Amino acid sequence: MNQRTGDVPAPGADPSPSPVRVFLLNCGSSSLADRGFSGLMLVCALSIFAIVILILVELISGSKLTIQKFGMSFFFGSAWDPVNGNFGALPFIYGTVVSSILSLIIAVPLAVGVAIFLTEMCPAFLRGFLAFFTELLAAIPSVVYGLWAVFVLIPLLRQYVNPFLIKTMGWSGIFAGPNYGIGMFAAGVILSIMILPIISSLTREVISAVPHSQREAVLALGATRWEMIRMGVLRNARIGIVGAVILGLGRALGETMAVTMVIGNRPEIARSLLAPGYSMASVIANEFTEASDALYLSALIEIGLALFIVTVIVNALARVLVWAVTRGAPVRGT
Amino acid sequence: MASNIVMPPLRARASNRLWRVFVNHLATTAAVGSTILVMAPLIAIFGYLIYKGASSLNLAFFTQIPKPVGEAGGGMANSILGSAILLAIASLMGVPIGIAGGIYIAEFGRNKRLANMVRFTADVLNGVPSIVMGIAVYTLIVVPQKHFSALAGGVALGIMMIPTITRTTEEMLLMVPLNVREAALGLGVPNWRSVLSITLRTASPGVITGCMLAFARVAGETAPLLFTAFGNQFWSTSVNEPIAALPLQIFVYAISPYDEWHRLAWGGALVLIVLIVVSVALVRYVAGRGVLKGAS
């Protein structure tokens, strides 16, 4: 791999140190202090690796009991019976996966639409404001989204959206059953609102990295604006957009507080999306402090371990994809 | 790159042209529509938060501790203090380590594979769910100590600050021109001194706002505190005892059945949001204005 690719040169600066600098660095009289300083900085940088390893070691040692007792069947069993010491994580995995996928289905088309609007169509005076606003939304704490969902979104869903869904699509069984308001569907909706800013701002970054010459070339051939976006922009940015979506997925998988407040917290696999469910992060949040015996605690930690491994893989994949597109991108002209 | 372009089918038939113009308009409408559709709930969240939050903020909110269920009044003063203590511990841990990590990547590790790996790991670590940090710190600190504590909560938040600060520090340092460093070295300043008093100092507005952003992010974190700081209904300033925190208290109050507690939850949420909006706005202001006043 080319080692230089990840380095972003500062605008107006040389990407590599000049011979003058190398000379000056090597003839200093304080090389001992310098070496000590750079060593200290290195240790701090390495602490990031240490954190990852520490988390992994702590989680594995904490979940030893259930790993030994249940093995892989832990992830396929659907019993969750703390009293009799029988644990299976399937309902939680199901809840996490379904609510995340649901949120992606809602969020991705909207996020890409917003990104296209912001980069290709938006008047300049609106762009700054909207970009700032999306950034702000990405910074709102999960618990505040949850608070809003409990008092505004849930009543809205219960009164207007869910009855409509039951009426029009109730025959399929996916939208059926008692209408509590809380449940898998509500979790998917609040998750989609939460991951939208992340996906759209990254997509915007990726789309901005597509060179102008691509757009101009397609336009010069007589394409309409949409054809230009489709052929010149989206086609070139697709890998990065997939990366942005996967990053959003990673966020959705690990989202805890807002989901805990709306998903209903019932460890069952129901066919209907309106039924209450449970997710991996929320079972940890709800039951961790109540876990009375070692096996129970170990089961919860193993769920955390699974969550950790999955999100690390998902995030690494997403970063590689986004990075593949945005590296070496020209600075967008004003 | 260039080979990726697909030639648009350029057929000159009138009907085809009409169709293309129609699709173009349709796509434009869809993009504008999705922007409106996205902005609407988001503006609604803000509006509702300000409306509900502002009406529940008063002096008692900032000076009193929660009253027992059923009694009106009371505030979240102990949660605000608790959050401040937790964030102080987190910053003490996260800020120096984070900045040092950023200095390493930008100043010593340029073009090295190790620095790229650190950068990549920091990005990945940023995406790890905060509740996982909570579990790790629980087994690391709470289990040996045998009780929940403010220290554990602070460490959990501090760990979450490190990758964010490392990345922003690195980005800000990279914006400092190399000439500035060479000028310092040319005057005989040792390299470590040049990094600390010239480069870092030049980039300091950016680095500070980066820290504030990380600070604001963890200020709203609830999940890692659930089983580290745990929460507390009373005044507590000891780092060895469970401590109240604003986001934790919002969570507890939001899922409670009492109107009075809901009111407090909205007030707490507004306080959090104001903190976050201010720091995000500051970051944008500094980044937009150019970090490097006086450098060039």
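### A word on the overall build of chain B
Part 1 of the reasoning: In terms of helices and strands, chain B carries 11 helices and 0 strands.
Part 2 of the reasoning: Counting from the amino terminus, chain B carries its helices and strands in the arrangement α-α-α-α-α-α-α-α-α-α-α.
Part 3 of the reasoning: Relative to the globule expectation of 19 Å for 296 residues, the C-alpha radius of gyration of chain B, 25 Å, shows a markedly less compact shape.
Part 4 of the reasoning: Out of the 296 residues belonging to chain B, those deemed buried represent 52%.
Part 5 of the reasoning: Considering only intrachain contacts with a sequence separation of at least 6, the fraction spanning at least 24 residues in chain B is 74%.

### Some thoughts on the overall build of chain A
Part 1 of the reasoning: Looking only at helices and strands, chain A features 12 helices and 2 strands.
Part 2 of the reasoning: When its helices and strands are written in sequence order, chain A yields α-α-α-β-β-α-α-α-α-α-α-α-α-α.
Part 3 of the reasoning: Taken over the C-alpha atoms alone, chain A extends approximately 70 × 60 × 30 Å along its principal axes.
Part 4 of the reasoning: For chain A, contacts bridging at least 24 residues in sequence account for 76% of all contacts bridging at least 6.

### Brief notes about the interface of chain A and chain B
Often the size quoted for an interface is simply the accessible area lost on bringing the parts together.
Part 1 of the reasoning: Each side of the interface is counted separately: chain A has 94 residues, and chain B has 91 residues.
Part 2 of the reasoning: Partitioning the side of chain A that touches chain B into residue classes produces 59 nonpolar, 23 polar and 12 charged.

### Re unusual backbone geometry
Residue and element names in this part refer to chain A.
Part 1 of the reasoning: The backbone of N265 shows a phi angle near 55°, a positive value even though the residue is not glycine.
Part 2 of the reasoning: Among the secondary structure elements, N265 is positioned in the loop between α10 (257-262) and α11 (280-287).
Part 3 of the reasoning: The class of N265 is partly exposed, set by 19 C-beta atoms lying within 10 Å.

### Quick word on the environment of V245(A)
Part 1 of the reasoning: Mapping V245(A) onto the fold places it in helix α9 (residues 225-254).
Part 2 of the reasoning: Apart from the residues lying within four places of it in its own chain, the contact partners of V245(A) are L104(A), V108(A) and I199(A).

Rules used in this analysis
- Residues numbered from 1 in each chain as written.
- Chains lettered and ligands numbered in written order.
- Predicted model: local features only at pLDDT ≥ 70, side-chain atom pairs only at ≥ 80, totals over all residues.
- Helix = DSSP H or I, 4+ residues; strand = E, 2+ residues; numbered from the N terminus.
- Rg over C-alpha atoms; globule rule 2.2 N^0.38 Å.
- Buried ≥ 20, exposed ≤ 12 C-beta atoms within 10 Å, placed from the backbone.
- Contact = placed C-beta atoms within 7 Å.
- Nonpolar A, V, L, I, M, F, W, Y, C, P; charged D, E, K, R; others polar.

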